[in-house]
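Residue-level structure breakdown
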Amino acid sequence: MHFSITNSPHTDRPNSVVENMLWVIIALVPGTIALTWYFGWGVVIHMVLAGVAAIAAEAFVLRLRRRPVKPAIADLSALVTALLFAVAIPPLLPWWITLIGILFAIIVVKQLYGGLGYNPFNPAMAAYVLVLVSYPVDMTTWLAPRMLDPHPLDFLQTLGVIFGQGLPQGMTWDAMTSATPLDVMRTELDMNKMISEIRQSPLWGDFGGRGWEWVGNWFLLGGLILLYKRVITWRIPVAFLGGLLVMAMLFHFLDQEAYPFGLFHVFSGGTILGAFFIATDPVTASTTPRGQLIYGALIGILIYIIRTWGGYPDAVAFAVLLMNLAAPTIDYYTQPRVFGHREADGE
Amino acid sequence: MDARVEQRSERRLYRFHGGLHLPDNKHQSTGQPVRPAALPTLLVLPLSQHIGAPAKPLVAPGDSVLKGQMIAAAQGAVSAPVHASSSGTVVAVEKRPVPHPSGLPAPCIVIETDGEERWAELPEPWPDFEQRSADELIQRIRDAGIVGMGGAAFPTSVKLDPDRPIDTLVINGAECEPYITCDDMLMRERADRVIAGVAVLRHLLGVRQCLIGIEDNKPEAIGAMTRALAERDLPATEVVVIPTRYPSGGEKQLIRVLTGKEVPSGGIPAHVGIVCHNVGTAAAVADAVLEGKPLISRIVTLTGEGIAAPCNLEVAVGSLASELIGQAGGYSARASHLILGGPMMGFALPDDGVPITKAANCLLAASEREDPDPGPALACIRCGRCAEACPVTLLPQQMYWYAKAKDLEKVQEYNLFDCIECGCCAYVCPSHIPLVQYYRYAKNECWDQERERKKAEHARQRHEARVARLARLEAEKKARLKKKKAALKKKPDAAGGAADPKKAAIEAAMKRAAEKKAKLAQEGVTPANTEALTEAQQRQIEQAEARRKEASDGKQTSESP
Ligand code: SF4
Ligand code: SF4
């Protein structure tokens, strides 16, 4: 009797890329709901917009490259890139900025380098930096969280704003938007205010900005889901948060009124999202176990440095891209000891 | 059972990196006792069922052979003979399909059995093996054609003749790979045989201690072995229960678990004072030494959803897989792939018309559910799961990257040759990349490259030697001529100028030659090799000779390409 030949292992495989990507999408749900709750429908609209654009762009490029389109779309990686980009941008960002970001992420950062697995930079973060540098005003105009905004926009109004219809009658940008907590902290520290003073403002919650800290918490839940499903390992997020916390605590200890305490940093801006969803992007991260610890810790430290002394209030994207660049070198110098290559330490 | 618990708490066990908890799928084939398979009408015995040089046939078509008769002899130090597993007539010595990943046919001796099972005259049983010298025992084991029966098929006698003192004998009863149960059944049913073999090996190697490692998912085997051991009362010999974790049955992994020692990269267990044998091998050693029987049968597991009645059969070596499957109830409707060996390290057979060899432990007829098509491989997303699972602490993703890029130097820098091809990496890879295939391919490429390099080196040496030889011959000729010339010159002086016509002719010829030479020199042409060797030339020749000698001593071959 004849049989067809298959490759080993001759078993069912417990993992698949699609499954991993699906879990990333699922893990984004709690954070997305929180974002929507505090900042309105914008995030959902951008997710849909970005998702459609990413898949279309991927299909287009693959057709140009004469590569099979279906498996690449089916691996969901383009969708994940789009969703991560969408949750990172301000909810009322004009639609075309999102479009530019996504086209850049998929066509330039991902496909020009050869597609999934070959891109040295995290596409979502590279796109984020591109639009941040190109459209700094739009990219730093955040809505105030719902408890501070007396007239939240409904779905259609939000859609209208994103697609250039302007604000509904009687509403002004000034009334609706507010700087992000990281922004406020920076500008007010620059004005030589003390931290205890700054925290008197109604913007502040228990550790970070009101609303913001909760968004962070829900993304953290998503991160724990990823850990539990073993989509990611603990090394990068733990080292990332550890690096950031150690820096923050050290400086806070030196001067309590000039450097915000550690948890403020953890629950502000894109920290949690970055630690669990962005820095853990396997393609662009370090791949050796020790390398991942170094990679994560350095991102955390870089974020602190850029936030505190750099030119931008948030720094997750910059820090991640910088470390993407360093990842191959880290990998090279952190190769594990191979079995039988030195005296065993067992005895 | 008490002893087991005691041992568990007594002996410290060690961990190896990575590894997997796999669904073991062993119960399917352990329901019934081992049955002897019916004698097949045709036996196909490959000449190369072991690692090393193929055996040399001792019979020709038409010869009648007896059961247990040696029909092919070992050739060279690392080799093993082949015996007829039943009596009958040799019908062919030719290439036949064999179970090999390459799928290429290989030389086999084909025997048509006569059903009479007439035994050849066997060497005398040695129940008093303690009286025998190690050399005698090793020779007996070699003549019995015993090879590692856990799958590696390395000639056992070679392992029993280490060039350094051995402290520990490790007996491998781990059987870590899913589905395979032949060692489990052997230990359950013939523990005394295994222990008898252990006693022989123990005596032969003169070891201080002996550790029998069995994974804790085989309680019956552990019980049987513990009882058998208690009856024998071998000194410093223990059944050690180890946690079930693939691939703890890998030789280096088992040694690590039991002793904490790491066999050095590129080394063998003897380098850390250990010799490791499989339980099946131990039983075969018992047969050979205590009864004089060569290795002509083994237990084979037939299992998987593609087999109607999974079981273990005691099989004559050389039986065809197709016949054995018939005896296990035939294929079920769900059979979709046939695998020789286990699901992790075995390979797919394109056809079931291949013989069972000495090292074949399992035929797995897998259903589509058991061995689904993983779909096209995606790109490596560098998730590092493979590195986490690798028991050798390699970086499979980097090896894959360089293997794919055909950068053989880099892939070896990432320690390709430490890879044991266990398949843990490929199992966990979310991109479903057939990683092990890439490593096998890269290893083959490296070997080819090494061969090419050696060949080129050889050719270069041959060329150099030839040049040197020609130069030397030329030099000798010149020296002779010169001597003659001198003699000729001297003679006329001595003889007072009286020249015979022959000499005159020679002289005339020499004069002509000298004139011609002078003329050529005038035209600016110097004929080659017309002068005696200069000192520098002589030195060059000597150097070439020395290089050649050095190279043929093999001093340059240890460097990797
Ligand atoms: S498990 Fe597969 S996808 Fe992940 S790093 Fe290893 S080879 Fe790449
Ligand atoms: S097959 Fe090789 S690389 Fe893969 S896990 Fe096993 S030893 Fe490691």
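Residues numbered from 1 in each chain as written. Chains lettered and ligands numbered in written order. Predicted model: local features only at pLDDT ≥ 70, side-chain atom pairs only at ≥ 80, totals over all residues. Heavy atoms only, no water.

As recorded in an unreviewed UniProt entry, chain B goes by the name Ion-translocating oxidoreductase complex subunit C, listed as coming from Sedimenticola thiotaurini. UniProt lists a comment for chain B under the heading Sequence similarities (unreviewed entry), and it reads "Belongs to the 4Fe4S bacterial-type ferredoxin family. RnfC subfamily." Within the UniProt record for chain B, the comment given under Subunit (unreviewed entry) is "The complex is composed of six subunits: RnfA, RnfB, RnfC, RnfD, RnfE and RnfG." (UniProt positions renumbered as here; feature names shortened; annotations may be inferred.)

In the nomenclature of an unreviewed UniProt entry, chain A corresponds to Ion-translocating oxidoreductase complex subunit D from the organism Sedimenticola thiotaurini. Checking UniProt for chain A, the heading Function (unreviewed entry) contains the comment "Part of a membrane-bound complex that couples electron transfer with translocation of ions across the membrane." According to the UniProt record, the Cofactor (unreviewed entry) comment for chain A reads "FMN".

With that out of the way, let us pick up the interface of chain A and chain B. Between chain A and chain B, the residue contacts involve 44 residues of the former and 64 residues of the latter. Taken together, the two surfaces of chain A and chain B that pack against each other cover about 4900 Å², and 55% of this comes from carbon and sulfur. Broken down residue by residue, the surface that chain A buries against chain B is led by Phe 3, His 10 and Phe 339 of chain A, which jointly contribute 17%. One salt bridge connects Asp 331 of chain A with Arg 382 of chain B, and the closest N-O pair in it is separated by 3.0 Å. Put simply, chain A and chain B have 27 residue pairs in polar contact (both at pLDDT 80 or more) between them. (Contact = heavy atoms within 4.5 Å. Buried area = accessible area lost by both parts, 1.4 Å probe. Salt bridge = Lys/Arg side-chain N within 4 Å of Asp/Glu carboxyl O. Polar contact = N/O pair within 3.5 Å; in protein donor to acceptor, adjacent residues only side chain to side chain.)

Okay, the confidence of the model for chain A next. All names here are of chain A. For chain A, the mean per-residue pLDDT works out to 86, and 95% of the residues sit at or above 70. Between the elements of chain A, mean pLDDT differs from a low of 70, seen in helix α9 (residues 173–176), to a high of 94, seen in helix α4 (residues 77–88). Note that pLDDT drops below 50 for residues 343–347; the model gives that stretch ten contacts with residues more than four away or on any other chain. (pLDDT = per-residue confidence, 0-100. Helix = DSSP H or I, 4+ residues; strand = E, 2+ residues; numbered from the N terminus.)

Residue and element names in this part refer to chain B. Residues annotated in UniProt with the feature "binding site: [4Fe-4S] cluster 2" (unreviewed entry) correspond here to Cys 390, Cys 419, Cys 422 and Cys 425. What stands out for the annotated residues spanning 36 residues is how close their C-alpha atoms remain, the widest pair being 10.6 Å apart. Within the element layout of this structure, Cys 419 appears in the loop between α11 (408–413) and α12 (424–428). On the basis of relative accessibility, which here comes to 12%, the residue Cys 419 falls in the buried class. Setting aside residues up to four positions removed in sequence, Cys 419 forms contacts with Leu 394, Met 399, Tyr 439 and Lys 443. Mapping Cys 425 onto the fold places it in helix α12. (Buried < 20%, exposed > 50% of the residue type's maximum accessible area, 1.4 Å probe, protein only.)

Below, the discussion takes up helix α8 (residues 155–162) of chain A. Residues and elements named next belong to chain A. For α8, every residue scored as buried is listed here: Thr 158, Gly 160, Val 161 and Ile 162. Its side-chain oxygen 3.2 Å from the backbone nitrogen of Leu 156, Asp 154 forms the N-cap of α8. In the segment just after α8, Gly 164 is the residue with positive phi, at about 85°.

In the vicinity of ligand 1, the residues found are Cys 380, Ile 381, Arg 382, Cys 383, Gly 384, Cys 386, Gln 397, Cys 429, Pro 430, Ser 431 and Leu 435 of chain B. Partitioning the shell around ligand 1 into residue classes produces seven nonpolar, three polar and one charged. (Near = heavy atom within 4 Å. Nonpolar A, V, L, I, M, F, W, Y, C, P; charged D, E, K, R; others polar.)

For residues that are not glycine, phi is negative in most cases, and the peptide bond is trans in most cases. A cis geometry characterises the amide bond from Ser 8 of chain A onward to Pro 9 of chain A, with omega recorded as -5°. Tracing the backbone shows Pro 9 of chain A in the segment before α1 (17–39). Positive phi values are uncommon outside glycine, yet Arg 230 of chain A reaches one of about 60°. Residue position: Arg 230 of chain A is located in the loop between α12 (212–228) and α13 (235–254). Taking the relative accessible area as the measure of exposure, Arg 230 of chain A reaches 57% and is therefore exposed. Backbone geometry at His 432 of chain B places phi at a positive 55°, although glycine is not the residue there. Judged by relative accessible area, His 432 of chain B falls into the buried class, the value being 15%.

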